[in-house]
Amino acid sequence: FVVPSRFMEGVLVQGGFDSEKIKLLRNFLPTTLGMDDTLDSRETGTAETGSSYVLFLGRLSEEKGPDVLLEAFSICAEKLRDLKVVFAGDGPMRGELEKSIPSELSARISFTGYLRGGALRNLIKGASFVVVPSRCYENFPYSILEAFSFGVPVVGSRLGGIPELVVEGSTGFLCEPDDPSSIADALIRCSHTLTMSLSYDGMRENCRELVRRTCDRNRYLTSLTDLYKALILERSVHGD
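To start, this report covers the structure provided alongside it.

**Examining the pairing of strand 5 (residues 109-113)**
Because side chains alternate across strand 5, one face comprises the buried residues Ile-109, Phe-111 and Gly-113, and the other comprises Ser-110 and Thr-112, none of which is buried. For strand 4 (residues 84-88) and strand 5, the ladder comprises four bridges, and the chain directions are parallel. Across the sheet, the residue bridging to Val-86 is Ser-110, located in strand 5.

**Let's talk about the nonpolar core**
Counting 33 residues, the largest nonpolar core has Leu-69, Phe-87, Ile-109, Phe-129, Val-155 and Leu-187 as its most contacted members. Breaking this core down by element, the ones donating at least two residues are strand 3 (53-57), helix 2 (66-76), strand 4, strand 5, strand 6 (129-132), strand 8 (172-175), helix 6 (180-194) and helix 7 (197-214). Aside from chain neighbours lying at most four places away, what touches Ile-109 is Leu-70, Phe-73, Val-85, Phe-87 and Ile-101. Counting residues in each nonpolar core, the second largest holds 28 residues, with Leu-29, Phe-140, Val-152 and Ile-162 among its members.

**Describing the sheet that holds strand 4**
Ordered by their spatial adjacency, six strands build an open sheet running 5-4-3-6-7-8, and the pairing between neighbours is parallel. Two strands close off the open sheet at either side, each with one partner strand: strand 5 and strand 8. Across the sheet, the mean angle separating the axes of adjacent strands is 20 degrees when strand polarity is ignored. Relative to strand 3, helix 4 (residues 117-126) is tilted by about 135 degrees, and along the sheet it contacts strand 3, strand 4 and strand 5.

**What about the environment of Ser-197?**
Along the chain, the position of Ser-197 falls in helix 7. Taking C-alpha positions, Ser-197 is 23 Å from Phe-73, a pair spaced 124 residues apart along the chain.

**Points about the side chain of Ser-149**
Positionally, Ser-149 belongs in helix 5 (residues 142-149). For Ser-149, the side chain forms a polar contact with the main-chain oxygen of Glu-146, separated by 2.7 Å.

**Considering the side chain of Glu-9**
On the secondary structure map, Glu-9 appears in helix 1 (residues 6-14). Aside from chain neighbours lying at most four places away, what touches Glu-9 is Val-3 and Ile-22.

**Notes on helix 6**
Its 15 residues place the ends of helix 6 21 Å apart at the C-alpha level, agreeing with the 21 Å of an ideal helix rising 1.5 Å per residue. Within helix 6 the residues assigned to the buried category are Pro-180, Ser-182, Ile-183, Ala-184, Ala-186, Leu-187, Ile-188, Cys-190 and Thr-193. Buried residues in helix 6 make contact with strand 3, helix 2, strand 6, strand 7 (154-157), strand 8 and helix 7. Of the residues flanking the start of helix 6, the one acting as N-cap is Asp-179, its side-chain oxygen 3.2 Å from the backbone nitrogen of Ser-181.

**Observations concerning the environment of Asn-139**
Locating Asn-139 in the fold gives a position in the loop between strand 6 and helix 5. Assessed through its relative accessible area of 25%, Asn-139 is described here as partly exposed. Taking C-alpha positions, Asn-139 is 24 Å from Leu-70, a pair spaced 69 residues apart along the chain. At 2.5 Å, the side chain of Asn-139 and the side chain of Ser-5 are in polar contact.

**Observations concerning unusual backbone geometry**
The phi dihedral of Asp-178 is positive, around 60 degrees, even though this residue is not glycine. Mapping Asp-178 onto the fold places it in the loop between strand 8 and helix 6. By relative accessible area, which is 46% here, Asp-178 ends up partly exposed.

**Some points on the packing of aromatic side chains**
By convention here, two paired aromatic rings are described through the distance between centres and the angle between planes. Inspection of the entire model under this criterion finds seven aromatic pairs. With a centroid separation of 5.7 Å and an interplanar angle of 50 degrees, the aromatic rings of Phe-129 and Tyr-200 are classed as tilted. Placement of Phe-129 in strand 6 and of Tyr-200 in helix 7 is noted, with a sequence separation of 71 residues between them. Members of the aromatic cluster, each reached through a chain of ring pairs, are Phe-56, Phe-87 and Phe-111.

**Section: the packing of helix 2 against helix 6**
Orientation of helix 2 relative to helix 6, taken along the N-to-C sense of each, is 60 degrees, at an axis distance of 8 Å. With respect to each other, helix 2 and helix 6 are oriented oblique. Once helix 2 is placed against helix 6, the crossing between them reads as right-handed. Two secondary-structure elements touch here, helix 2 through Val-68, Leu-69, Glu-71, Ala-72, Phe-73, Ile-75 and Cys-76 and helix 6 through Pro-180, Ser-181, Ile-183, Ala-184, Leu-187 and Ile-188. By residue class, the composition of the contact of helix 2 with helix 6 is 11 nonpolar, one polar and one charged.

Rules behind the numbers
- Residues numbered from 1 in each chain as written.
- Predicted model: local features only at pLDDT ≥ 70, side-chain atom pairs only at ≥ 80, totals over all residues.
- Heavy atoms only, no water.
- Buried < 20%, exposed > 50% of the residue type's maximum accessible area, 1.4 Å probe, protein only.
- Helix = DSSP H or I, 4+ residues; strand = E, 2+ residues; numbered from the N terminus.
- Pairing = 2+ DSSP bridges.
- Core = buried A, V, L, I, M, F, W, Y, C linked by side-chain atoms within 4.5 Å.
- Contact = heavy atoms within 4.5 Å.
- Axes fitted to C-alpha atoms, helices over the stretch in contact; angles between N-to-C directions.
- Polar contact = N/O pair within 3.5 Å; in protein donor to acceptor, adjacent residues only side chain to side chain.
- Expected span 1.5 Å × (residues − 1).
- Phe/Tyr/Trp six-rings, centres within 6.5 Å; stacked < 30°, edge-to-face > 60°.
- Parallel < 35°, antiparallel > 145°, perpendicular 65-115°, else oblique.
- Left-handed = near helix turned anticlockwise from the far one by under 90°.
- Nonpolar A, V, L, I, M, F, W, Y, C, P; charged D, E, K, R; others polar.

Listed below in structure tokens is the structure:
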């Protein structure tokens, strides 16, 4: 059984699977996401936002926690006057979320709808942080890998496989799931980091290095074919 996270490995073992039959292989990041052309440059802000922003990237549904981020921002917005929040994606909660925006924050919270291709890449590149406030177990979220590939740190729930990618103070900040106050505290830590260029630049490079080290496609394919070869050899030796 090939799994992309230690979290999934633990779930399988807890469910009764033989640990010796579980192989950890981190998912690779498709080269089409454009990591190579973003390693040495990064845009700050976009024409649509006009200032620093954090980005929610994904389906606007309850398990992904966009409402928790919205409430968290309402808590700390007064302290973070230069920060905006952008929601990229669509889903059943969009209408509810838009209606629940406090009037005094309406100019600082925006929804782009579903994006793909260059528009999505530019939005990720322009973000100061990506926020993944999931309530549900995430295995190995590609939204985090996409952010890291562009050197964008992540605020993520301390849940499932997220803490294997988001390392506190190194590649981002962790928060408690379904806890607006915890996310608000993390956003404040983000703001403080942005004022310290050396610290923030170090986080950006840590994100890129994690992708280089663990999400290389050729390395993944080599590991997978080596695994198949070993299993085939083992079967042939035992006459299966």
